[in-house]
2 protein chains.
Amino acid sequence: MATIYEVSKLAGVSLATVSRVMNNNANVSDATRKKVTAAMDELGYRPNSIAQSLASNCSNSVGLLVSELHGPFYGPMMSGIENTFRNQKKHLIIAAGHSNEEREKQGIEFLISRNCDGLILHVEAVSDDYLIKLSKSQVPFVLINRFISELSDRCIILNNIKGGYLATKHVLEQGHKQIAYISGPLWKKDAQDRLEGHKKALAEYGLPFDEQLLYQGDFMEASGFTGLKTLYQHAKPFSAVICANDEMATGAMASARELGLTLPDQLSIMGYDNVFFTRHVYPPLSTINYPINEMGKMAADWVLSHVYQKQTAPLQTVFEPELVVRQSITTNPQ
Amino acid sequence: MATIYEVSKLAGVSLATVSRVMNNNANVSDATRKKVTAAMDELGYRPNSIAQSLASNCSNSVGLLVSELHGPFYGPMMSGIENTFRNQKKHLIIAAGHSNEEREKQGIEFLISRNCDGLILHVEAVSDDYLIKLSKSQVPFVLINRFISELSDRCIILNNIKGGYLATKHVLEQGHKQIAYISGPLWKKDAQDRLEGHKKALAEYGLPFDEQLLYQGDFMEASGFTGLKTLYQHAKPFSAVICANDEMATGAMASARELGLTLPDQLSIMGYDNVFFTRHVYPPLSTINYPINEMGKMAADWVLSHVYQKQTAPLQTVFEPELVVRQSITTNPQ
DNA sequence: TTGAAAGCGTTACCAT
DNA sequence: ATGGTAACGCTTTCAA
């Protein structure tokens, strides 16, 4: 592999000049620039990005930590991010945190040890304090789907209260009055917010919130399954169940069928996230759109702007959810 | 950030010695090793991986090119890969090729320009020749889901003929005799193989293969939709349709419902890949398992073994598909 | 077992 | 506009 040194020799110029044309920087005369590029072509020269990184103290790499690489949620997010970075010649180093505190910390450590210039973090288990402390350190980072007031300018989030509100309002508008709710784990802010939105909509319709109609799940499919089952067996009757995410809604669907209910006639089900497979379940699931792809892009823009001082479209920090009506909610029940 | 130099000064040893204990290499006396680690702790020393890479000519990074970062197929593959690499302190640089020749080439170029020590490629659009040429160059790479005989030792593939055979055999065993087939794009080897397996099973049951019952799709959902529709409207009757992947099967399901068919009674549908959402469609889709997660891990092991000379479990190059029976195939039709 | 010193391939500052 | 040269932080001979 040819080095900058050989290029400089062949072109009859100094190292510095070659470097200048590489970074098509500074003032280089057209004549020498041509000489140099010709030499590069002749030698098939490729800059060594590692040497560049060392000398410039900039690795051009940004770390991305997600909970899982699989699953319907992270794919679109990573897509958006990868795309905007590649156009900018930055590269993505990806690690998984598995929603587990130790592994999230390890992942962050790992990314930092890889000399990432910046980090995009989708973390769930690590504490606010940890992140606040981290923010005092070297590496700049932006958070997706997490709000910490001390770090509010670097939190890219969805308005979950509104999303929760929209979901329940839609169900109410279809005439449902007895509505069960399967929440996420309530120590998570997004789970709280979605529930809060639910209550808000209920209140707006003059309906009391009934603890008996609430089941606390964990955002995973299985908890939707058992959630619906326990609600159905132990609670008062309800004609609709709202799930705090699509995975649980899917679990609830399976559960409903096992209970012998025909969907959506005997039970309406509402999801949240608009994960891609919700179109494919049967009946197609009504849900709340979570523009995770756009939010990923925004996180990438944040990094571009804050870490690399690039011009980007104006940064936006909170995104708005939208109702997606499909066929899992029945009208005028009973 | 402390450097190796400061550590050496504090510990009262040379640079070389510090380097030795970092790579807990060579023979270093316990005494000095202790001194050095103590100094490191005191300074909070973290090795600079970029400097290490430059000096050692090893970036400890491996490039992964997939078609898409989202979608049900690549997630599990990336998961398997990330996991085995992180344990080995290697990191993954991910790029997307979008099943497009130019972008795949760009992606590979990009990864190479990032000084990856090795590459894992899931490419579809790039030619065999290109890859053969690439194999003569510096970077070692392994291919997933692609077979090139000249490169057979670095092709990690599924036995698709067998998979296609298994799928059709299962349908035949349930008593179906008129079976339609929606294939992938037939210029792709895997699509060909799956179809070949289909024909083989048919032949085994003494049934002729009927071109009229074949629709060539493109592995995307929409083609399953239109595929079923055109088959249904123009072809002779059939009681089952076998799709060359789950996405198309999902499209076919939607199509069937639009045609007013009740599933699975009036039409049995078979998928391929066992992508995770197949459990959630209704009726749950019978399909062929594609152990993509394991294959990803194997690719990672290949790299570990061939690039980093690490000991790994024995390498396996072709994987076997398995039948997954759910509820989308009806028994004894008509 | 340890140390000295020459790289690794760039960038960036200071001259000219 | 161009060149000289010291970093960048580590690894890796080669000697001792």
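Residues numbered from 1 in each chain as written. Chains lettered and ligands numbered in written order. Predicted model: local features only at pLDDT ≥ 70, side-chain atom pairs only at ≥ 80, totals over all residues. Heavy atoms only, no water.

In the nomenclature of an unreviewed UniProt entry, chain A is known as LacI family DNA-binding transcriptional regulator of Pseudoalteromonas lipolytica.

S.K.: Whenever I open this one, the protein's contact with DNA strand C confuses me. Can you help?
M.R.: With respect to spatial proximity, 26 residues lie near DNA strand C, and among them I4 and S19 of chain A together with R20, N27 and T32 of chain B are the closest. Within the backbone of I4 of chain A, a nitrogen or oxygen atom sits 2.6 Å from a phosphate oxygen of DNA strand C. In this structure, N23 of chain A approaches DNA strand C through a side-chain N or O atom, which is 3.4 Å from a phosphate oxygen. Of all the secondary structure elements, the ones that give two or more residues to the surface near DNA strand C are α2 (15-22) and α4 (49-56) of chain A together with α2 (15-22) and α4 (49-56) of chain B. Grouping the amino acids of the surface near DNA strand C by side-chain chemistry returns 11 nonpolar, 12 polar and 3 charged. (Near = heavy atom within 4 Å. Polar contact = N/O pair within 3.5 Å; in protein donor to acceptor, adjacent residues only side chain to side chain. Helix = DSSP H or I, 4+ residues; strand = E, 2+ residues; numbered from the N terminus. Nonpolar A, V, L, I, M, F, W, Y, C, P; charged D, E, K, R; others polar.)

S.K.: How should I be thinking about the relation of the copies chain A and chain B in this particular structure?
M.R.: What connects the two chain copies is a rotation about an axis and a shift along it. Expressed as a screw transformation, the operator carrying chain A onto chain B has a rotation angle of 180 degrees and an axial translation of 0.0 Å, and the superposed copies differ by an RMSD of 0.1 Å. The two molecules are tied by a two-fold rotation axis, judged by turn and shift. The fraction of interface residues of chain A whose copies in chain B are also interface residues reaches 100%, indicating that both copies meet through the same surface. (Least-squares fit on C-alpha atoms with pLDDT ≥ 70 in both. Contact = heavy atoms within 4.5 Å.)

S.K.: I tried to follow the protein's contact with DNA strand D on my own but got confused; where do I start?
M.R.: Contacts to DNA strand D come from 25 residues, most closely from R20, N27 and T32 of chain A together with I4 and Y45 of chain B. Looking at DNA strand D alone, sugar and phosphate atoms form 67% of those within 4 Å of the protein. Between DNA strand D and R20 of chain A, the relevant distance is 2.6 Å, taken from a base oxygen to a side-chain nitrogen or oxygen of the residue. Counting residues per element, the ones that place at least two in the surface near DNA strand D are α2 and α4 of chain A together with α2 and α4 of chain B. Counting residues per element, the surface near DNA strand D draws most heavily on α4 of chain B, at 4 residues. Among the residues making up the surface near DNA strand D, the classes are represented as 11 nonpolar, 12 polar and 2 charged.

S.K.: Looking at this structure, I do not really get the nonpolar core. What am I missing?
M.R.: Generally speaking, a soluble globular protein has its nonpolar side chains buried in company with each other. If you look at the biggest cluster of nonpolar residues, it comprises 143 residues, and the most contacted ones within it are I120 and I269 of chain A together with I120 and I269 of chain B. Once residues lying within four places of it in the same chain are set aside, the contact partners of I120 of chain B are V62, G63, L64, L65, I81, F85, V142, I144, A299, A300 and V303 of chain B. Among the nonpolar cores identified, the runner-up in size contains 44 residues, and I93 and L143 of chain A together with L119 and I148 of chain B belong to it. (Core = buried A, V, L, I, M, F, W, Y, C linked by side-chain atoms within 4.5 Å. Buried < 20%, exposed > 50% of the residue type's maximum accessible area, 1.4 Å probe, protein only.)

S.K.: Explanation requested: the domain arrangement of chain A in the structure shown.
M.R.: Much of the literature gives interface size as the accessible area that the parts lose upon coming together. Domains assigned within chain A are domain 1 (4-47), domain 2 (61-158 + 292-319) and domain 3 (160-290). Computed from C-alpha coordinates alone, the two centres of domain 1 of chain A and domain 2 of chain A are separated by 36 Å. (Domains from an automatic or database assignment.)

S.K.: Honestly, the pairing of strand β4 (residues 141-144) of chain A in this entry has me stumped. Any pointers?
M.R.: Side chains on a regular strand alternate between the two faces of the sheet. Residue and element names in this part refer to chain A. Side chains F141 and L143 project from β4 onto one buried face, and the interleaved V142 and I144 project onto a second face that is buried too. Looking at chain direction, strand β3 (residues 118-121) and β4 are connected through 3 bridges and run parallel. Within β4, the residue paired with L121 across the bridge is L143. Pairing geometry for β4 and strand β5 (residues 155-158), over 2 bridges, is parallel. Within the sheet, the bridge partner assigned to I144 lies in β5 and is I156. (Pairing = 2+ DSSP bridges.)

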